[in-house]
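These are the residues of each chain, in order.
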Amino acid sequence: MSSSSKRSWKLQEFVAHSSNVTCLSIGPSSGRVMVTGGEDKKVNMWAIGKPNVILSLSGHTTPIECVQFNNSEELVCAGSSSGALKIWDLDSAKVVRTLTGHKANIKSLDFHPYGEFIASGSMDTTVRLWDIRRKGCIVSYKGHTNTVNHLRFSPDGRWVISAGEDGIVKLWDLNAGKLLADFILHTGPVNCVEFHPREFLIATGSSDRTVKYWDLETFGLISSSDLEASPVRTVCFHPEGVCLFSGGQDSLRAHLWEPSVCFDSQTLGWGKITDMAFSSNQLIGASYQATNVSVWVSSMNNIETMAEKANAETYVGKVEVNQSVQQINSRKHRLVVSSVKICFGQILSILKNDFQMNKYSFLNGYKKLNTFVFQISRQS
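Criteria and thresholds
Residues numbered from 1 in each chain as written. Predicted model: local features only at pLDDT ≥ 70, side-chain atom pairs only at ≥ 80, totals over all residues. Heavy atoms only, no water. UniProt positions renumbered as here; feature names shortened; annotations may be inferred. Buried < 20%, exposed > 50% of the residue type's maximum accessible area, 1.4 Å probe, protein only. Helix = DSSP H or I, 4+ residues; strand = E, 2+ residues; numbered from the N terminus. Pairing = 2+ DSSP bridges. Contact = heavy atoms within 4.5 Å. Polar contact = N/O pair within 3.5 Å; in protein donor to acceptor, adjacent residues only side chain to side chain.

The name an unreviewed UniProt entry gives the protein is Katanin p80 WD40 repeat-containing subunit B1, with Clytia hemisphaerica as the organism. As stated in UniProt under Subcellular location (unreviewed entry), the record for the protein gives "Cytoplasm, Cytoskeleton, Spindle".

Trainee: What should I look at first to understand the pairing of strand β10 (residues 106–111) in this one?
Mentor: Where a strand is regular, its side chains alternate between the two sheet faces. When you tally the buried positions in β10, you get five out of six residues, the bulk of the element. Alignment of β10 against strand β11 (residues 117–122), held across five bridges, turns out to be antiparallel. Along β11, the bridge assignment pairs leucine 109 with serine 120. Hairpin geometry of β10 and β11 is characterised by an intervening segment of five residues between the two adjacent antiparallel strands.

Trainee: Would you take a moment to explain the environment of aspartate 182 for this structure?
Mentor: Relative to the elements of secondary structure, aspartate 182 occurs in strand β17 (residues 178–183). In the structure, aspartate 182 is positioned 39 residues away from glycine 143 in sequence and 9.9 Å away in space, judged by C-alpha atoms. Aside from chain neighbours lying at most four places away, what touches aspartate 182 is Ile168, Val169 and Lys170. Within polar-contact distance, the side chain of aspartate 182 engages the side chain of lysine 170 at 2.9 Å.

Trainee: Looking at this structure, I do not really get the side chain of glutamate 65. What am I missing?
Mentor: Checked against the element boundaries, glutamate 65 lands in strand β6 (residues 64–69). Take glutamate 65: its relative accessible area is 18%, and that puts it in the buried class. Within the structure, the side chain of glutamate 65 is placed 3.3 Å from the side chain of asparagine 105, a separation counted as a polar contact. At a separation of 3.0 Å, a polar atom in the side chain of glutamate 65 contacts the side chain of lysine 107. Setting aside residues up to four positions removed in sequence, glutamate 65 forms contacts with Thr22, Cys23, Gly79, Ser80, Ser81, Asn105, Ile106 and Lys107.

Structure representation (structure tokens):
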């Protein structure tokens, strides 16, 4: 482990808005663009490392509470304190959709990986799924008892998962339009959730200062991290899935999960980290305070080697042989199931683009393929 090193440095700090910054998001694909929202009701877009704003987007009449890029970084959605969502096309810098229905502040957003859908979570305790083209709410999911802090679609687009201030994580089935599972072992608000890019598992980070890992076949707990020094504010998987990074107050930690071990940690001055993303073997982290935004960079050139070494040492030193074999078999099973389901999500994306499927046939297509996917998963 390392407490502070030349691997990490502060890239920039700049004034992002004329009043307090309230939210930010880093581009999920490139890791080189960022969008910020503020009490000035503006949504500003930045190139990371550059001092000047690229775009300043207006349209909301109340402060911005949440911002999010789509996967291609061609669209940005912003949710406001009034409960309204607006989507901008970044090429034209124009609002292309306004969506209303929430009864309180929007606190979380995510774009569907394939279809033209977006999910939103609110202080009104609901999760809503929207059809961007038809400008309407498809379904409203109810079950949380407090603010929905974070949302993520699964890589195959079948599910959406929500993390709540109530300490509960909920997995929703888009095909059936209902709750699939609850994850209830956190003892404080859950601030973030991420799907593994290749395995069939999720990671959740909480104000209880732990990261927990969950198997999406059994819906059971795989492992839980040791207590961190501060609440876990954001989590991010390595692009190849070799490890997970957690960000807290002035801290960055790298984790394995079978069994759970922190194999690297750094102390940084980024304060209350808000978002992280990968770009060219670097982890980019961003935070805000008052009107300012800070961007930090951490080099990850040797992280895969460090993870492999930590994994080998953990199995040799702490895990019985038969237990490690069982964990490896479990992981292989999740990899097979996850790969099959992601593959079918991509197939449906192609069908949707080729035949201009509407939302009903799109979701119905998932339902028909899911039967086959389930059969394959059981055979694995």
